[in-house]
Amino acid sequence: ITAFQLYTEKSRFPAQHQKLSLGCGVLNNLLRGGLPLVGITELAGESSAGKTQIALQLCLSVQYPETYGGLGAGAVYICTEDAFPNKRLLQLIKSQHRLRTDVPADIVRKIQFGDNIFIEHAADIDMLTECITKKLPILLLRGQVRLIIIDSIAALFRCEFAAKDAVVKAKHLQMIGAKLHQLSRDFTTPVFCINQVFSISIFGLKNITPLNFGDKKMLPSLGISWSNQLLMRLMVARTQHEAPPPFIGCILRIMEVIFAPHVPQATCYYTVDLEGVKGIEVQSM
């Protein structure tokens, strides 16, 4: 088949055209519909940028019917750092009827959001590998989940590998990336990985071009070995400004598409409030 056939014959290749909604029309427009169903999407950013908030919102969005941008299934949330933010998840669940005004209220009420999120804590790379290779396939085969989230992918590798272990680290990253790709492809399931960033100026690295993100120079962790595993890389940051009306009292944040085969480089402002993550239209800035 040709690329033109993939593009035009949507009924034959639904995975190439269907996307998982982020639960926000503005953010969906930035990504041309949402997350691709096949491949690894990375969300990199500094602390307090709203990375986990976006991941939690995806856990709820995936449970909606396909008509409303979901996949009609649950999510697996793998924590490698902090405890799962259960209190915040409950807040988001209670606010779904206000955030998702595009969905009829009776459909929102019928979804048992809290029963369809499977949480796993991975304290080291061996536990993460076991989860990916043994536990995830069982849930996917049963059709219980259609979204895999890892928060965060960098934490375990930062702890377990020193600079001299770069080759071994790269092999582990390639193995994990290959298995995630296989699961995503076989079960048409998006993989969403949160990553950390560091400042080039702090580490004084040479021959590396940082990403100019607003007035900051940041670089995602894990290097080229991990970057080569990604379909799409997004970066987020928290600004020092307050969001415009009607989001008074909320901090303005920014999301940027760094690379993707189907989306041009672009940016979008958003904010986080009690109801969830909300993109901000350009004309309202």
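Heads up: the structure comes first, above all this text.
The structure displayed is predicted, hence computed values, not measured ones.

Cut-offs applied
Residues numbered from 1 in each chain as written. Predicted model: local features only at pLDDT ≥ 70, side-chain atom pairs only at ≥ 80, totals over all residues. Heavy atoms only, no water. Phe/Tyr/Trp six-rings, centres within 6.5 Å; stacked < 30°, edge-to-face > 60°. Buried < 20%, exposed > 50% of the residue type's maximum accessible area, 1.4 Å probe, protein only. Lys NZ or Arg CZ within 6 Å of the ring centre and 35° of its normal. Helix = DSSP H or I, 4+ residues; strand = E, 2+ residues; numbered from the N terminus. Pairing = 2+ DSSP bridges. Salt bridge = Lys/Arg side-chain N within 4 Å of Asp/Glu carboxyl O. Expected span 1.5 Å × (residues − 1). Contact = heavy atoms within 4.5 Å. Disulfide = S-S within 2.5 Å. Polar contact = N/O pair within 3.5 Å; in protein donor to acceptor, adjacent residues only side chain to side chain. Axes fitted to C-alpha atoms, helices over the stretch in contact; angles between N-to-C directions. Parallel < 35°, antiparallel > 145°, perpendicular 65-115°, else oblique.

1. A closer look at the packing of aromatic side chains
Piece 1. Taken as a whole and judged by the stated rule, the model has two aromatic pairs.
Piece 2. With a centroid separation of 5.0 Å and 80 degrees between ring planes, the pair formed by tyrosine 77 and phenylalanine 84 is classed as edge-to-face.
Piece 3. We classify tyrosine 77 as buried; its relative accessible area is 0%.
Piece 4. By relative accessible area, phenylalanine 84 is classed as buried at 11%.
Piece 5. Over the ring of tyrosine 64 we find arginine 100; its NZ or CZ atom is 4.5 Å from the centre of that ring.

2. Here we look at the pairing of strand E12 (residues 251-259)
Piece 1. E12 sits mainly inside the fold: seven of its nine residues count as buried.
Piece 2. Where strand E11 (residues 232-242) meets E12, seven bridges bridge the pair, whose relative direction is antiparallel. Paired with alanine 237 across the bridge in E12 is isoleucine 254.
Piece 3. Pairing of E12 with strand E13 (residues 267-273), which is carried by four bridges, proceeds in the antiparallel orientation. Bridge pairing in E13 links methionine 255 to cysteine 268.

3. Topic: the pattern of salt bridges
Piece 1. One pass over the structure, following the stated rule, counts seven salt bridges.
Piece 2. As a salt-bridge pair, glutamate 42 and arginine 233 come within 2.5 Å of each other at their nearest N and O atoms. Here glutamate 42, found in strand E3 (residues 40-45), pairs with arginine 233, found in strand E11; they are 191 residues apart in sequence, far enough to count as distant.
Piece 3. Glutamate 42 gets classed as buried once you look at its relative accessible area, which sits at 0%.
Piece 4. Aspartate 102 is the partner of arginine 100 in a salt bridge, and the nearest nitrogen-oxygen pair spans 3.0 Å.

4. Some points on helix H9 (residues 166-187)
Piece 1. For H9, which comprises 22 residues, the first-to-last C-alpha distance of 32 Å matches the rise-based estimate of 32 Å (1.5 Å per residue) to within 8%.
Piece 2. Those residues of H9 that fall on the buried side of the exposure criterion are Ala170, Leu173, Ile176, Gly177, Lys179, Leu180, Leu183 and Ser184.
Piece 3. Where H9 is buried, its residues contact E3, helix H7 (125-141), strand E6 (145-151), helix H8 (154-160), strand E7 (191-195) and helix H11 (223-227).
Piece 4. At the C-terminal side of H9, threonine 188 shows a positive phi close to 45 degrees.

5. Description of the state of the cysteines
Piece 1. A full pass over the atoms with the stated rule returns zero disulfides.
Piece 2. Sulfur of cysteine 59: no disulfide; nearest cysteine sulfur belongs to cysteine 79 and is 9.3 Å away.
Piece 3. A relative accessible area of 0% means that cysteine 59 is categorised as buried.

6. Examining the side chain of arginine 233
Piece 1. A relative accessible area of 7% means that arginine 233 is categorised as buried.
Piece 2. A distance of 2.5 Å separates the side chain of arginine 233 from the side chain of glutamate 42, its partner in a polar contact.
Piece 3. A polar atom in the side chain of arginine 233 sits 3.1 Å from the side chain of serine 227.
Piece 4. Here arginine 233 is in contact with Glu42, Asn195, Pro220, Trp226, Ser227, Glu256, Val257, Ile258 and Phe259, once residues within four sequence places are set aside.

7. Points about the sheet that holds strand E4 (residues 74-79)
Paired through backbone hydrogen bonds, the strands of a sheet run either parallel or antiparallel to each other.
Piece 1. The nine strands lie next to each other as E5-E4-E6-E7-E3-E11-E12-E13-E14, forming an open sheet whose pairing is mixed. Only two strands of the sheet have a single neighbouring strand rather than two, namely strand E5 (117-121) and strand E14 (276-280). The sheet shows a mean angle of 25 degrees between the axes of neighbouring strands, taken without regard to direction.
Piece 2. As paired elements, E13 and E14 share five bridges and run antiparallel to each other. Following the sheet pairing, threonine 271 is matched in E14 by lysine 278.
Piece 3. Running at roughly 165 degrees to E7, helix H3 (residues 51-61) makes contact with E3, E4, E5, E6, E7, E11, E12, E13 and E14 of the sheet.

8. Quick word on the environment of alanine 260
Piece 1. Looking at the secondary structure, you find alanine 260 in the loop between E12 and E13.
Piece 2. Taking the C-alpha atoms as reference points, alanine 260 and arginine 233, 27 residues apart in sequence, are found 6.7 Å from one another.
Piece 3. For alanine 260, the contacting residues outside a window of four places in its chain are Leu231 and Met232.

9. Observations concerning the packing of H7 against H9
Piece 1. Viewed as axis vectors pointing N to C, H7 and H9 meet at an angle of 10 degrees, and their least axial separation amounts to 11 Å. The angle between H7 and H9 places the two elements in the roughly parallel class. Where H7 abuts H9, its residues Ile125, Leu128, Thr129, Ile132, Thr133, Leu136, Pro137, Leu140 and Leu141 lie against His172, Met175, Ile176, Lys179, Leu180, Leu183 and Phe187.

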